[in-house]
Amino acid sequence: MYSNLPQLGVGLGYRMPLHNDLLANRHTFDFLELINDQFIFSPLDKQEQILRDLRSIPLVAHGVAMSVGTAQPLDQDYLQATVAFVDHIRAPWFSDHLCFTKTDLADLGQLTPVWFTEETLAQVISNVMAIKRACPAVPFLLENITYYFPLPGSEMTEAEFISRVLVEADCGLLLDVNNVFINSQNLGFDPYDFLTAIPLERVVQVHIAGHKETPGLIIDTHDRPMTKDVWDILSFVVARAPVKAVSLEWDSSYPAFSVIEHELACARSLYSHASPCL
Amino acid sequence: MSLIEMQRALSVILTSPGVRHEYQRDPDFALRQFSLTERERTTLAALDSGRLQRYSAMLIAGRLELALKALPVTRLLLPADFTMKFGELYSRDYPPVILAGSAMLHEVHSIRQFITDLTQSQVLNDPYLCNVVRFEASVFHLTNDIEAFSAATRCHQELVTPVTDTTRPLLERHVLICTFDSDILAILNALRHGRRPEEHLLSSTTILLLRRNVDTPAVSIIRLNEASRELLQKCDGATDIRELSRLYSDRIVDVLDRFVQSHIIAMLAAEEALPTAALSTGI
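Residues numbered from 1 in each chain as written. Chains lettered and ligands numbered in written order. Predicted model: local features only at pLDDT ≥ 70, side-chain atom pairs only at ≥ 80, totals over all residues.

Draft legend 1. Broad picture of the nonpolar core. Grouped together as the largest cluster of nonpolar side chains are 146 residues, with contacts concentrated most on Val177, Ile208 and Val237 of chain A. When residues of this core are assigned to their parent elements, the largest contribution, eight residues, is made by helix 9 (residues 129-144) of chain B. (Core = buried A, V, L, I, M, F, W, Y, C linked by C-beta atoms within 7 Å. Buried ≥ 20, exposed ≤ 12 C-beta atoms within 10 Å, placed from the backbone. Helix = DSSP H or I, 4+ residues; strand = E, 2+ residues; numbered from the N terminus.)

What follows is the structure, encoded as structure tokens:
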């Protein structure tokens, strides 16, 4: 389905505090994932200073504020800026989250779950189609989010909702395996049942990250190594899905780069030995 | 009524402490202000209240973290429980808004004002905090504001027009002039090296000109005296050389030329309109 996309390998989410470490340890990753939002509202010289340093590295674009789940048309300025950025860095694909982050009353600034209903489904598909029309040459992926409270009265499960969006809007999946694990624990379902219920053939990229266990809730913190449960899920996925890229997200409490390097090496080991598409 | 109204209601419950507390006391009452269908109302009323509260706390912590990442020295001066203690107050006084630009820039401005308010009302007592947050927010603003970058570029490329009596000097948005009631640079230096600043640093006034550079996203810092500050504040794009010469002397043209050469001010010809959003803003 996405067989013509490049096999990027194992990469890392670009974060400013890691800039020098990334340049000094170029051999440890194959690509970087840039957060669109950190660039599209930045002065040109700031963008270019970073991109100049990254010019020989394959880049993909990942957004956090498209808000495809908002029951309103997309923010056209944000969409156009995203498309221009995707074009500028020559990303082979770009992605954002299956959630809503804002309404016309408030910008939540966080990935908030949608109600899994037919009405939401129609709105999400309409918004994804608008993204695809705005950027027809570059595939768009949706990412599953972590969420801490479900909305009661849903008409379908999350897995059914994601599956229908992907198929009916014909887009790819950025599967965050840490999010699958966290949701399975917080919301009470089997992560492997979830994985077998979604179209794994649409997975293009996988996110991995660490999480924090707190009383009664696991929090998606991206600030520590992955747990065995998440490695196991990654292993399951790369053995079944045509994954083109696996990327680590580490957003705060940055450790010595050797810790991140170790995570990348583990991911590479799993990916290169198990992926059916290699 | 519609899905968007349900999302609006959820957004308000999550971001407005007042509505959230009302919701926790009596969900049906809190939801009355929204035009919801019975099914939507039932769904929102049945949300897990404890999880909702924790998620709201995460939203606030996320906003504060976004801002404080840009203000590293300010963060050193805040109490360790700042987010827990003041997060809800911040959320009430500075609710999230719909933005057309950088969320981080917006949060930095909001947190600077919030910390200033808390300090002035003596809720926070660190004597260095007000000046430090103002300095860091100003530098962050200049390096991250697209208008400041555009103004710096314009000022750098501006051909110096022959200065005549009708030429109007203009201090643009890539420059901020800030007066601090302390020796802010010495205070920052001490704090960055893990030292508590000496108290006498609080007794001197410092006027700084912060200028956004054009070749790198960085800021140059120049100490000013009171006379220079006054002169630069008259460079408003409306006052012309004739008026400035009358106020000072003919030699003012030479002084202004040095500011032009340092890319601090631009010179507008008589007929030239002000660039959009041109004027330097105090922060």
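Draft legend 2. Quick peek at the sheet that holds strand 9 (residues 203-209) of chain A. All names here are of chain A. With parallel pairing, the eight strands of this closed barrel are ordered in space as 1-2-3-4-7-8-9-12. Put simply, the sheet's adjacent strands are angled 30 degrees from each other on average, direction ignored. The pairing of strand 8 (residues 172-176) with strand 9 spans four bridges and is classified as parallel. Residue Leu175 lies in a different strand from strand 9, and its bridge partner there is Val206. Each of strand 8 and strand 9 is contacted by helix 9 (residues 228-238), which is oriented at about 170 degrees to strand 9, the strand it contacts most. (Pairing = 2+ DSSP bridges. Axes fitted to C-alpha atoms, helices over the stretch in contact; angles between N-to-C directions. Contact = placed C-beta atoms within 7 Å.)

Draft legend 3. Looking closely at the environment of Leu108 of chain A. Within the fold, Leu108 of chain A resides in strand 6 (residues 107-112). Remark: the alpha-carbon pair of Leu108 of chain A and Cys135 of chain A, spanning 27 residues in sequence, is separated by 26 Å. The residues contacting Leu108 of chain A, other than those within four sequence positions of it, are Thr101 and Lys102 of chain A together with Ser11, Leu14, Thr15, Leu59 and Pro96 of chain B.

Draft legend 4. Spotlight on the packing of helix 7 (residues 177-187) of chain A against helix 9 of chain A. All names here are of chain A. Running from N to C, helix 7 and helix 9 point in directions that differ by 125 degrees, and their axes come no closer than 9 Å. Looking at the two axes, helix 7 sits oblique to helix 9. Where helix 7 crosses over helix 9, the handedness of that crossing is right-handed. Residues Val177, Asn178, Val180 and Phe181 of helix 7 touch helix 9, and the partners they reach there are Asp229, Val230, Ile233, Leu234 and Val237. Residue classes in the contact of helix 7 with helix 9 are distributed as seven nonpolar, one polar and one charged. (Parallel < 35°, antiparallel > 145°, perpendicular 65-115°, else oblique. Left-handed = near helix turned anticlockwise from the far one by under 90°. Nonpolar A, V, L, I, M, F, W, Y, C, P; charged D, E, K, R; others polar.)

Draft legend 5. Inspection of the packing of helix 5 (residues 118-134) of chain A against helix 6 (residues 158-168) of chain A at higher detail. All names here are of chain A. Taken N-terminus to C-terminus, the directions of helix 5 and helix 6 make an angle of 35 degrees; their axes are 10 Å apart at the nearest point. Both helix 5 and helix 6 take part in a crossing whose hand is right-handed. Contacts from Leu121, Val124, Ile125 and Val128 in helix 5 reach Phe161, Arg164, Val165 and Glu168 in helix 6. The residue inventory of the contact of helix 5 with helix 6, partitioned by class, reads six nonpolar, no polar and two charged.

Draft legend 6. View of the interface of chain A and chain B. If you look at the interface, chain A gives 31 residues, while chain B gives 39 residues. Looking at side-chain class alone, the side of chain A that touches chain B contains 14 nonpolar, ten polar and seven charged residues.

Draft legend 7. Spotlight on the pairing of strand 7 (residues 140-143) of chain A. All names here are of chain A. Burial of the side chains of strand 7 extends over both faces: Phe140 and Leu142 are buried on one face and Leu141 and Glu143 on the other. Both strand 4 (residues 94-97) and strand 7 contribute to a ladder of four bridges, which runs parallel. Across the sheet, residue His97 finds its bridge partner in strand 7, namely Glu143. As judged from the three bridges shared by strand 7 and strand 8, these two strands associate in the parallel manner. Following the sheet pairing, Leu141 is matched in strand 8 by Gly172. Chirality of the crossover, the property in question, places the unit of strand 7, helix 6 and strand 8 among those that are right-handed. (Right-handed = clockwise from strand over helix to strand, strands pointing away.)

Draft legend 8. Region of the structure containing the pairing of strand 8 of chain A. Within strand 8 of chain A, five of the five residues are buried, which leaves the element mostly enclosed by the surrounding structure. In strand 8 of chain A, alternate side chains face the same way, and those of Gly172, Leu174 and Asp176 of chain A on one face and Leu173 and Leu175 of chain A on the other are all buried.

Draft legend 9. Just the sheet that holds strand 3 (residues 206-212) of chain B, in detail. Residue and element names in this part refer to chain B. Taking strand neighbours across the sheet as the criterion, the three strands line up as 2-3-4 in an open arrangement whose pairing is antiparallel. Only two strands of the sheet have a single neighbouring strand rather than two, namely strand 2 (175-180) and strand 4 (219-224). Averaged over all pairs of adjacent strands, the angle between strand axes in this sheet comes to 25 degrees, irrespective of strand direction. Two strands pair when backbone bridges link them, and strand 2 and strand 3 are joined in this way by six bridges, in the antiparallel orientation. Within the sheet, the bridge partner assigned to Val175 lies in strand 3 and is Arg211.

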